[in-house]
Amino acid sequence: MTLTTTAVLVPLLPFLGAVAGLLTGRRSPGFVRPLAVLPTLAAAVLTVAVAVGQGGGPATDVATRLTPTGSLPIDLALHIDGFAALIGVLVGVVATCVQIYSTAYLRDDPRYPSYAALVSLFTSAMLLVVYTGDLMVLLVGWEVMGICSYFLVGHYWETEAARAASLKAFLVTKLGDVPFLFGIFALAADAGTFRITGILGHVARDGLHHPTLIALLLLAGVAGKSAQFPLHTWLPDAMAGPTPVSALIHAATMVAAGVYVVARLLPVFAASAAALVVLAVTAAVTMVGSALAALAQDDIKRVLAYSTVGQLGYMTGALAVGDRGAAVFHLLSHGAFKALLFLGAGVVIHAAGTNSLAAMSRMGGLARRVPDAFWTLTVALLALAAIPPFAGFFSKEAVLGAAEHAATGHAAGVPGAAGWTVLVSGLLTALLTAAYATRLWLLTFRGSGPEVPDHGRQPLAMTATLWVLFVPTVGFGLTAPLLPAWFDGRPLEPTATTSVLGTGVALIGGLLTYAAWRHARPSPDHRPSTSRSAAPASSARAARTPMGAVAVVEDAGPALAEELAIVGHPPAYGDAAGATDPADPGRLLLGPLHRHAAVGFHLDAVYSALFVRPTRAAATLVRFLDRAVVDTYVSGAGAAPRWLGAAVRRAQTGNVQTYLGALLGGALVLAIAAVLVATGTGA
């Protein structure tokens, strides 16, 4: 089988599995799990075969004409290079882990057949985006992922949070997709083709007439899909969906698609220095803002969601300084440890019966109840905090090294301002990332209080996938010396300056959080005091605060435990963004900023004031005009003939004498009128 045939089968197999699952899922439930797992597993194996066959050699580029359009043709094009080959492997492996994990996580869910089919379709769409060489075909996969995310985020549609989150995700990403579509049309019109290789050749040879406009239009779509400021607000709310869906979206599909598209089209962005500066500023605001928000969240999955936003900021920062190798390197390593973090969080939520970190901090023995999740999550959080020698350290240092390279003027065509912006914000984000990773670990696994109920050993399908993802989380960074041959040839090894600075600020962030946690937590032998003099002590406040786990059904399955936790969080702790917990080290570290960071710095309120309320007011006005004005005219147009008909109908009595009398009266009136007219004329 040729490399081309193998690559064509990669997105095709999950698509066929999705179709078969939708057609047979209800009637033949025994086939649902094989149809979910086996096609995705086969596609993952084929992605490895494609990567081995492609290696670091020249790109494989084949195409066939799909349809004549009368102007710019659309091709079924395949473009496989080192970037596409390795990202295809990431998508295949993570999607397979998610499907296997879901067989246990949603084992009692009546909607599992449609869920599994949508995950397969989601995977197929992302693989199409990765492997295609034509922008219009890429757009098909891009939009299919948006539809799939709507249904998957809203899987628990009985809950208000899931319904609102799915609609918000769809609308916000569509808001970015509109300028993205215009950007694709403008780019193709300028280059004369939708083929990516043709576009890049045209940029290198002749340049673009409007590079800044095209780049900014494309960037709007990327900001929506990859959850970058200011279109990032949908991603934390999307945590209302099942945990495996969160892992798939955050690690290997939707949010990675935007970064990948910019990496493929980087020469288009590099043609405009202004676009690179905008990209750098967007990355910086996204990184720092999301890290601050993560430090204030109470929901364990929302912490990880804001973490994803920040890590995507690192990737777009690397692209802003012109190094797509560093960006894709971080995308790959982040995909491994972020999938592990989310799937591990699902195990923790099942065991604890809550998604609240405040509640977990008042439980004892959680680490002993879920040893697999404890060890794998610990390592994944170290990778997230970029502590050596784990994968996150090497990829994050590649980004910081690229930023340093641009800041010192060694990157041709990249403004030094972009380099300094990414470098400074990246170091600050490294400190904050280590802080919220440490906080999450301490509140989850170092809690004190009643023992966590023993739900028995977690299903093998869930724990095995954690250890599969554990391997690249630990070892993928060691491939840094080998990856330049697959990418652009730029070195990806850590540099001394950024390694010392990055690791140093990460350690400072972790130690500060640990000190704040020790200061805030109640001592084991503490007894609440009724004296007012004891009130200022944070440990006393923490001990008195009545916090507890959200009650769940005994022996509930993982999916049911998560759904009940989502429903039960607001009544127990208020808004899902945060809980009033004096023992939270994030509250001590952020101080007055905490209440703003907990709600994402009020961006949702700003958007509501600027867009939602005016739109609703306009809709109310239109409804009034429709009912009070348009309907009045329509009703009047029908009423006038009706009244005339009623008047005429009264004259139709059926009495012959009446008709003759009316005829004679009419004739008399006409005669008198004729005499008057004749008299007047004669005069």
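Analysis parameters
Residues numbered from 1 in each chain as written. Predicted model: local features only at pLDDT ≥ 70, side-chain atom pairs only at ≥ 80, totals over all residues. Heavy atoms only, no water. Axes fitted to C-alpha atoms, helices over the stretch in contact; angles between N-to-C directions. Helix = DSSP H or I, 4+ residues; strand = E, 2+ residues; numbered from the N terminus. Parallel < 35°, antiparallel > 145°, perpendicular 65-115°, else oblique. Left-handed = near helix turned anticlockwise from the far one by under 90°. Contact = heavy atoms within 4.5 Å. Nonpolar A, V, L, I, M, F, W, Y, C, P; charged D, E, K, R; others polar. Phe/Tyr/Trp six-rings, centres within 6.5 Å; stacked < 30°, edge-to-face > 60°. Buried < 20%, exposed > 50% of the residue type's maximum accessible area, 1.4 Å probe, protein only.

As a packed pair, helix α4 (residues 112-131) and helix α5 (residues 135-153) sit with axes 8 Å apart at the nearest point and diverge in direction by 155°. One element, α4, and the other, α5, form an angle in the roughly antiparallel class. Once α4 is placed against α5, the crossing between them reads as left-handed. Counting all contacts with α4, which are made through Y115, L118, V119, L121, F122, A125, M126, L128 and V129, the residues of α5 involved are V137, L138, G141, W142, V144, M145, C148, S149, F151 and L152. By residue class, the composition of the contact of α4 with α5 is 17 nonpolar, two polar and no charged.

Turning next to the environment of F487. Mapped onto the elements, F487 comes out in the loop between α21 (460-475) and α22 (496-520). The spacing of F487 and G56 is 431 residues in sequence and 7.4 Å in space, taken between C-alpha atoms. In this structure, F487 is in contact with G82, F83, L86, G325, V328, F329, L332 and L492, ignoring residues within four places of it in sequence.

Taken as a whole and assessed by the stated rule, the structure comprises 14 aromatic pairs. Ring geometry for F374 and W441: centres 6.2 Å apart, planes at 35°, overall tilted. Residue F374 is located in helix α18 (residues 371-384), and its partner W441 is located in helix α20 (residues 416-445); the two are separated by 67 residues in the primary sequence. Overall, the relative accessible area of 15% leaves F374 in the buried class. Taking the relative accessible area as the measure of exposure, W441 reaches 21% and is therefore partly exposed. The interplanar angle of 35° and the centroid separation of 5.7 Å between the aromatic rings of Y514 and W517 together place this pair among those described as tilted. Taken together, the residues Y514 and W517, both in helix α22 and three residues apart, mark about one turn of the helix. Relative accessible area serves as the criterion here: at 34%, Y514 is assigned to the partly exposed category. The buried category is assigned to W517, whose relative accessible area is 3%.

Nothing here speaks to function; it is all geometry.
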